[in-house]
Amino acid sequence: MAAFNESYKGLPPWDVGHPQAEFAGLADDGSIRGTVLDVGCGTGENALLFAGMGLEVWGLDAAPLAIEKAKAKAFERGSKATFVVGDALHLERLNKKFDTITDSGLFHVFTDDERVMFAKSLHSALNKGGTYYMLCFSDKEPAGWGGPRRISEKEIRATFRDGWEIDWIREARFESNFHEEGGHAWLSSVNSV
Ligand code: SAH
């Protein structure tokens, strides 16, 4: 966790300075609705996009430096987005439920055990009928450059079983500061039932 905070002293590879294209697409097609939580929000570009649509938006990250940067952007841009330091594995601590939870590049940092905790944590913060949209590196992305874990479609399905309904899992792209056309990724839409 400290490593993430440290990375925000510079420009981390995932911090592209604009919303991830896949989330901009979801915003355009009306999928991002109601109260929104962007979990593992980094410096806040996705959350700021959603807040700009007039939605109530929270961004949460464990790295204080990321939240500091996100708050500074919100101030500069006159955004009402709320940014908090917190643990994605304990979203119940927020005592708040959301209609939409977005995750751009968080799920793939967790261990197998943490995935189980994370699914429970998400469930506690998502209204029934609400949707979790998740973008993670897929197993089609070459392992050569290191980076976070690659995830198979099967692993996503195995994580979101009880209390969840998977709407769709699509091939997608994860923009970074060193991929020209983004890395191979999955974009998933998972409903709390
Ligand atoms: N969504 C952002 C950041 C992706 S990198 C973007 O697209 O730019 C993953 C982020 O998850 C980092 O900011 C890291 O600090 C955060 N993170 C990792 N573990 C976390 C945890 N347990 N709780 C909250 N945030 C966490």
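Residues numbered from 1 in each chain as written. Predicted model: local features only at pLDDT ≥ 70, side-chain atom pairs only at ≥ 80, totals over all residues. Heavy atoms only, no water.

Trainee: How should I be thinking about the side chain of S138 in this particular structure?
Mentor: Within the secondary structure layout, S138 lies in the loop between β5 (126-137) and α6 (153-159). Other than its neighbours up to four places away in sequence, S138 contacts R150, I151, H184, A185 and W186. (Helix = DSSP H or I, 4+ residues; strand = E, 2+ residues; numbered from the N terminus. Contact = heavy atoms within 4.5 Å.)

Trainee: Hey, could you run me through the packing of aromatic side chains in this one?
Mentor: One pair of aromatic rings is described through two measures. These are the centre distance and the angle between the planes. Evaluation of the coordinates by the stated rule reveals 14 aromatic pairs. Consider the rings of F110 and F118, whose centres lie 4.9 Å apart with planes at 50°: the pair is tilted. For the pair F110 and F118, one class covers both residues: buried. Each residue in the set F107, F110, F118, Y132, F160 and W164 is aromatic and connected to the rest through ring pairs, giving one cluster. Positioned above the aromatic ring of F98 is the side chain of K96, whose terminal nitrogen or guanidinium carbon lies 5.5 Å from the ring centre. We note R150 situated over the ring of W145; from NZ or CZ to the ring centre the distance is 4.7 Å. (Phe/Tyr/Trp six-rings, centres within 6.5 Å; stacked < 30°, edge-to-face > 60°. Buried < 20%, exposed > 50% of the residue type's maximum accessible area, 1.4 Å probe, protein only. Lys NZ or Arg CZ within 6 Å of the ring centre and 35° of its normal.)

Trainee: So what exactly am I meant to see when it comes to unusual backbone geometry here?
Mentor: Note on backbone geometry: most residues besides glycine have negative phi, and most peptide bonds are trans. The backbone phi angle of N95 is positive, close to 55°, even though this residue is not glycine. Examined against the element boundaries, N95 turns out to sit in the loop between β3 (82-85) and β4 (98-104). We classify N95 as exposed; its relative accessible area is 71%.

Trainee: Got a minute to help me understand the site of the ligand in this structure?
Mentor: Not every one of the 18 residues close to the ligand is listed here, only the nearest: Y8, G40, D61, A88 and S104. One of the backbone N or O atoms of A62 is found 3.1 Å from a nitrogen atom in the ligand. Measuring from a nitrogen atom of the ligand, one finds a backbone N or O atom of S104 at 2.8 Å. When the ligand is considered free in solution it has 570 Å² of accessible area, and contact with the protein chains removes 95% of it. For the ligand, the cavity whose grid points lie within 2 Å of the majority of its atoms is the largest pocket. Within the shell around the ligand, the residues separate by chemical class into eleven nonpolar, five polar and two charged. (Near = heavy atom within 4 Å. Polar contact = N/O pair within 3.5 Å; in protein donor to acceptor, adjacent residues only side chain to side chain. Areas by Shrake-Rupley, 256 points an atom, 1.4 Å probe, with all protein chains shown as cover. 1 Å grid on protein atoms, 1.4 Å probe; cavity = no way out; pocket = protein on both sides within 12 Å on 5 of 7 lines; lining within 4 Å. Sits in = over half its atoms within 2 Å of the grid points. Nonpolar A, V, L, I, M, F, W, Y, C, P; charged D, E, K, R; others polar.)

Trainee: Where do I start with the sheet that holds β5 in this structure?
Mentor: What links the strands of a sheet is backbone hydrogen bonding, and the strands pair in either a parallel or an antiparallel sense. Pairing is mixed across the open sheet formed by seven strands, whose spatial order is β3-β2-β1-β4-β5-β7-β6. Looking at which strands have only one partner, the edges of the open sheet turn out to be β3 and β6 (164-174). Neighbour-to-neighbour, the strand axes of this sheet turn through a mean angle of 15°, independent of strand direction. For strand β1 (residues 36-39) and strand β2 (residues 57-61), the ladder comprises four bridges, and the chain directions are parallel. The partner of D38 across the bridge, within β2, is G59. Each of β4, β5, β6 and β7 (183-192) touches helix α2 (residues 21-28); the most contacted strand, β5, lies at about 150° to it. Across the sheet, helix α5 (residues 112-125) lies against β1, β4, β5, β6 and β7, angled at about 140° from β5, the strand it touches most. (Pairing = 2+ DSSP bridges. Axes fitted to C-alpha atoms, helices over the stretch in contact; angles between N-to-C directions.)

Trainee: I'm lost on the environment of A47 in this one. Help?
Mentor: Mapped onto the elements, A47 comes out in helix α3 (residues 45-52). Among the residues examined, A47 registers a relative accessible area of 0% and is labelled buried. Remark: the alpha-carbon pair of A47 and L60, spanning 13 residues in sequence, is separated by 9.5 Å. Those residues within four positions of A47 in sequence are excluded, and the remaining contacts are D38, V57 and F83.

Without other data, these values stay purely geometric and don't point to any function.
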